[in-house]
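# Structure assessment
The chain contents come next:
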Amino acid sequence: MTQFNLLDTAAAFTVVFWALAVLSAPVIFTGGWWALLPVGLLIGGLFSYAGALVTARQHGTLLATAYDLHRFDMLRNLHVALPKTPEQERTTNQRVSRFLRYGRPYLTGLDYDENGKIAIKYEHPEPDTTSPSPASEPTSSN
């Protein structure tokens, strides 16, 4: 979350610096050292903008990494069949994206019932039988 806070702060500073530069523009006509104030504010805004761009790229990398690490968990939790090939994964991801974007059922297993309404078939994962159940754990008798 720190990355997002940095992005938010850098963007806010960019807007503030540039707004103050515009508001302080009449100071240029007074002459003297005060004429450098709007220029300094513009430069401060440029540095803040550059920082926001760097932070946005890093935040995008973090989001892409999190997605890559957990994409199959997401599909499993959406009860969608896991793809077997990269082409199937691309198609599944496009359907899930359309579903999340538009709220329409573009997921796998689309069928129509006798009334013409869409009937979605979910694929539920098999229960995990590799982990021992709490009842089968040995108890210690001291």
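Rules behind the numbers
- Residues numbered from 1 in each chain as written.
- Predicted model: local features only at pLDDT ≥ 70, side-chain atom pairs only at ≥ 80, totals over all residues.
- Heavy atoms only, no water.
- Axes fitted to C-alpha atoms, helices over the stretch in contact; angles between N-to-C directions.
- Helix = DSSP H or I, 4+ residues; strand = E, 2+ residues; numbered from the N terminus.
- Parallel < 35°, antiparallel > 145°, perpendicular 65-115°, else oblique.
- Contact = heavy atoms within 4.5 Å.
- Nonpolar A, V, L, I, M, F, W, Y, C, P; charged D, E, K, R; others polar.
- pLDDT = per-residue confidence, 0-100.
- Buried < 20%, exposed > 50% of the residue type's maximum accessible area, 1.4 Å probe, protein only.
- Salt bridge = Lys/Arg side-chain N within 4 Å of Asp/Glu carboxyl O.
- Patch = residues over 30% accessible without salt bridge, like charges linked within 9 Å, V, L, I, M, F, W, Y side chains within 5 Å.
- Areas by Shrake-Rupley, 256 points an atom, 1.4 Å probe, with all protein chains shown as cover.
- Polar contact = N/O pair within 3.5 Å; in protein donor to acceptor, adjacent residues only side chain to side chain.

Where helix H2 (residues 36-77) meets helix H3 (residues 86-102), the axes come as close as 12 Å, and the angle between the chain directions of the two elements is 75°. Of the possible angle classes, the one that applies to H2 and H3 is roughly perpendicular. In this structure, H2 contributes Tyr67, Arg71, Phe72 and Leu75 to the contact, and H3 contributes Glu89, Thr92, Asn93 and Val96. In terms of residue class, the contact of H2 with H3 is made up of four nonpolar, two polar and two charged.

Right, let's talk about the confidence of the model for the protein for a bit. Across the protein, the average pLDDT comes to 80, with 72% of residues at 70 or higher. For the protein, per-element mean pLDDT is lowest for strand E1 (residues 110-112), which scores 52, and highest for helix H1 (residues 2-23), which scores 93.

So, on to the environment of Leu75. On the secondary structure map, Leu75 appears in helix H2. Given the relative accessible area of 1%, Leu75 is considered buried. Along the backbone, Leu75 and Val96 are 21 residues apart, and their C-alpha atoms lie at a distance of 8.6 Å. Setting aside chain neighbours within four positions, we find Leu75 in contact with Val80, Leu82, Pro83, Thr92, Asn93 and Val96.

Moving on, we get to the pattern of salt bridges. Applying the stated rule across the entire model yields two salt bridges. Put simply, Arg76 and Asp73 hold a salt bridge, and the shortest N to O gap is 2.9 Å. Of this pair, Arg76 and Asp73 both sit in helix H2, separated by three residues, roughly a single helical turn.

On to a nonpolar patch on the surface, then. Residues Trp18, Leu42, Leu46, Tyr49 and Leu53 make up a contiguous nonpolar surface patch of roughly 460 Å² in combined accessible area. Per-element accounting of the nonpolar patch gives the leading share, four residues, to H2. As for its position among the elements, Leu46 is in helix H2. Overall, Leu46 belongs to the exposed group, its relative accessible area being 51%.

This brings us to the side chain of Thr14. Note that Thr14 resides in helix H1. Judged by relative accessible area, which is 5%, Thr14 ranks as buried. From its side chain, Thr14 meets the backbone nitrogen of Tyr49 in a polar contact 3.1 Å long. Apart from the residues lying within four places of it in its own chain, the contact partners of Thr14 are Gly45, Ser48 and Tyr49.

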